[in-house]
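# Architecture and fold: a report
In case you want the letters, here they are:
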Amino acid sequence: MAATVFYLDDIPEPGAIAVLDGPEGRHAATVRRIRAGEPITLSDGRGLVAESEVVAAQKDRLDLKVLTRRVAEPASPRVTVVQALPKSERSELAVELMTEAGADAIVPWQAVRCVSRWEGKAAKAVEKWRAAARSAARQSRRPYIPEVADLHRTRDLVDLVRQATADGATVAALHESGAGRFSELPFDGVPEVILIVGPEGGLDDSELAALTEAGAQAVLLGPTVLRTSTAAAVALGALGALTPRW
């Protein structure tokens with residue numbers, strides 16, 4: 001059985017003792033009931049991975065002996081998901097699914113047709129997304145925790161798309177009116193793929209026009225209409241097969 005992954009900002013050299021405390025330590029010792037002698041995989045969430053063994057367990061912390069360290073190669077191409085805000089009950093689910101499917105970065109987007117509105121609570125909502133991404137990354141044993149950006153408005157997103165395409169990225173706006181297919185986009189050799197997922201009501205015509213003018217390509221992901229909370233995970237799965245990511 002693979003060792004459980006927990007996150008620690010500063011992982012010492014092999015042979016040294018690492019202390020896992022705070023929320024991670026409490027979860028490991030109290031919720032997971034991990035005890036001395038068990039293997040633990042540590043990661044700093046930025047690619048550094050260490051295999052360790054628990055040498056002491058207390059109520060809210062673990063002491064671990066670091067056995068080995070390595071740096072995990074990041075997946076290529078990098079994938080950023082621009083996610084229009086789902087309804088509140090599906091918001092964190094969307095983050096969990098795309099994290100487990102391999103998203104490298106997540107950009108929350110206040111699209112015109114979003115039912116959910118983050119006015120006055122954006123900072124708190126973004127922190128919830130970051131916590132959801134961290135938890136899902138642990139569940140899926142990822143050495144990299146996806147970066148969750150601050151809330152973007154459409155003007156911010158247009159700037160992001162324009163800069164990304166100038167840098168050679170492929171930007172896909174998933175939309176039912178797309179003239180092409182997702183699988184036909186140029187993915188070979190690109191440094192980054194940006195997936196733009198609209199809200200349940202779809203992309204507004206003015207948004208789609210602005211994004212395509214900036215360099216995005218409107219495409220059909222597949223033969224069925226997906227919820228906004230699941231579309232990114234499906235697209236990430238397709239990318240895994242279409243690129244060297246898998």
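With an unreviewed UniProt entry as reference, the protein chain is termed Ribosomal RNA small subunit methyltransferase E, source organism Nocardia goodfellowii. According to its UniProt record, the protein chain has this under Function (unreviewed entry): "Specifically methylates the N3 position of the uracil ring of uridine 1498 (m3U1498) in 16S rRNA. Acts on the fully assembled 30S ribosomal subunit." In its Sequence similarities (unreviewed entry) section, the UniProt record describing the protein chain reads: "Belongs to the RNA methyltransferase RsmE family."

Attention shifts here to the sheet that holds strand β9 (residues 170–174). The 7 strands are arranged β8-β7-β6-β11-β9-β12-β10 in an open sheet whose pairing can be described as parallel. Both edges of this open sheet fall to β8 (147–148) and β10 (180–181), since each of them pairs with a single strand only. In the sheet, β9 pairs with strand β11 (residues 192–197) via 5 bridges, with the strands oriented parallel. Opposite Val 171, over in β11, you have Ile 194 as the bridge partner.

Time to look at the UniProt feature "domain: Ribosomal RNA small subunit methyltransferase E PUA-like" (unreviewed entry) in the protein chain. If you check UniProt for "domain: Ribosomal RNA small subunit methyltransferase E PUA-like" (unreviewed entry), the listed places come out as residues 20–67 in our numbering. Between the end C-alpha atoms of residues 20–67 there is a gap of 15 Å, over a span that is 21% helix and 46% strand.

Where helix α2 (residues 88–101) meets helix α3 (residues 122–139), the closest approach of the two axes is 8 Å, and the angle between their N-to-C directions is 40°. In terms of orientation, α2 and α3 fall into the oblique class. Every pair of crossing elements has a handedness; the one defined by α2 and α3 is right-handed. In this structure, α2 uses Ser 91, Glu 92, Val 95, Glu 96, Thr 99 and Glu 100 to contact α3, whose residues at the interface are Lys 128, Trp 129, Ala 132, Ala 133, Ala 136, Ala 137 and Gln 139. For the contact of α2 with α3, the residue count by class is 6 nonpolar, 3 polar and 4 charged.

On to the packing of aromatic side chains, then. Per the counting criterion, the structure on display carries 2 aromatic pairs. Arranged with centres 5.2 Å apart and planes meeting at 80°, the rings of Trp 118 and Trp 129 form a pair that is edge-to-face. Placement of the pair is Trp 118 in the loop between β7 (105–109) and α3 and Trp 129 in helix α3, with a sequence separation of 11 residues. Between Phe 182 and Phe 187, the ring centres sit 5.3 Å apart and the planes meet at 55°, which makes this aromatic pair tilted. For the pair Phe 182 and Phe 187, one class covers both residues: buried.

Before going further, it helps to spend a moment on empty space enclosed by the protein. On inspection of all chains with the given rule, the structure shows 1 cavity of 30 Å³ or more. Here the largest cavity is characterised by a volume of approximately 40 Å³. Together, Leu 85, Pro 86, Lys 87, Arg 113, Cys 114, Val 115, Ser 116, Pro 199 and Glu 200 line the largest cavity. Tallied by class, residues from the lining of the largest cavity come to 5 nonpolar, 1 polar and 3 charged.

Conventions used here
- Each chain has its residues counted from 1, following the order in which its sequence is written.
- Only residues with pLDDT of at least 70 are given local features in this predicted model, and only at 80 or more are side-chain atom pairs given and counted; all residues enter the totals for whole chains, interfaces and linings.
- Note that water and hydrogens are dropped before the side-chain values are worked out from all heavy atoms of the structure.
- UniProt positions are given in the numbering used here, feature names are shortened, and annotations may be inferred rather than shown by experiment.
- Strands are labelled as partners when DSSP assigns at least two bridges between them.
- Helix and strand assignments come from DSSP, with helices taken as H or I runs of at least 4 residues and strands as E runs of at least 2, each series counted from the N terminus.
- Each axis is a line fitted through C-alpha atoms, taken for helices only over the stretch in contact, and angles between the N-to-C directions span 0 to 180 degrees.
- When an angle is under 35 degrees it counts as roughly parallel; over 145 it counts as roughly antiparallel; between 65 and 115 it counts as roughly perpendicular; any other value is oblique.
- By convention the crossing between two helices is left-handed if the near helix lies anticlockwise of the far one by an angle smaller than a right angle, and right-handed if it lies clockwise.
- Note on contacts: a residue pair qualifies if any of its non-hydrogen atoms lie within 4.5 Å across the two residues.
- Polar here means any residue other than Ala, Val, Leu, Ile, Met, Phe, Trp, Tyr, Cys and Pro, which are nonpolar, and Asp, Glu, Lys and Arg, which are charged; Gly is therefore polar.
- Here a pair means two rings of Phe, Tyr or Trp (six-membered ring of Trp) with centres within 6.5 Å. Their orientation is stacked below 30 degrees between planes, edge-to-face above 60, and tilted elsewhere.
- Classification of residues uses two cut-offs on accessible area relative to the type maximum, computed with a 1.4 Å probe and protein chains only: under 20% is buried, over 50% is exposed, and between them is partly exposed.
- Whether a set of points on the 1 Å grid over the protein atoms alone is a cavity depends on a 1.4 Å probe fitting there but being unable to get out, while an open set qualifies as a pocket with protein on both sides within 12 Å along at least five of seven lines; lining residues are those with an atom within 4 Å of a point.
- Grid points are joined across faces, edges and corners, and a volume is the space filled by probe spheres set on the points.

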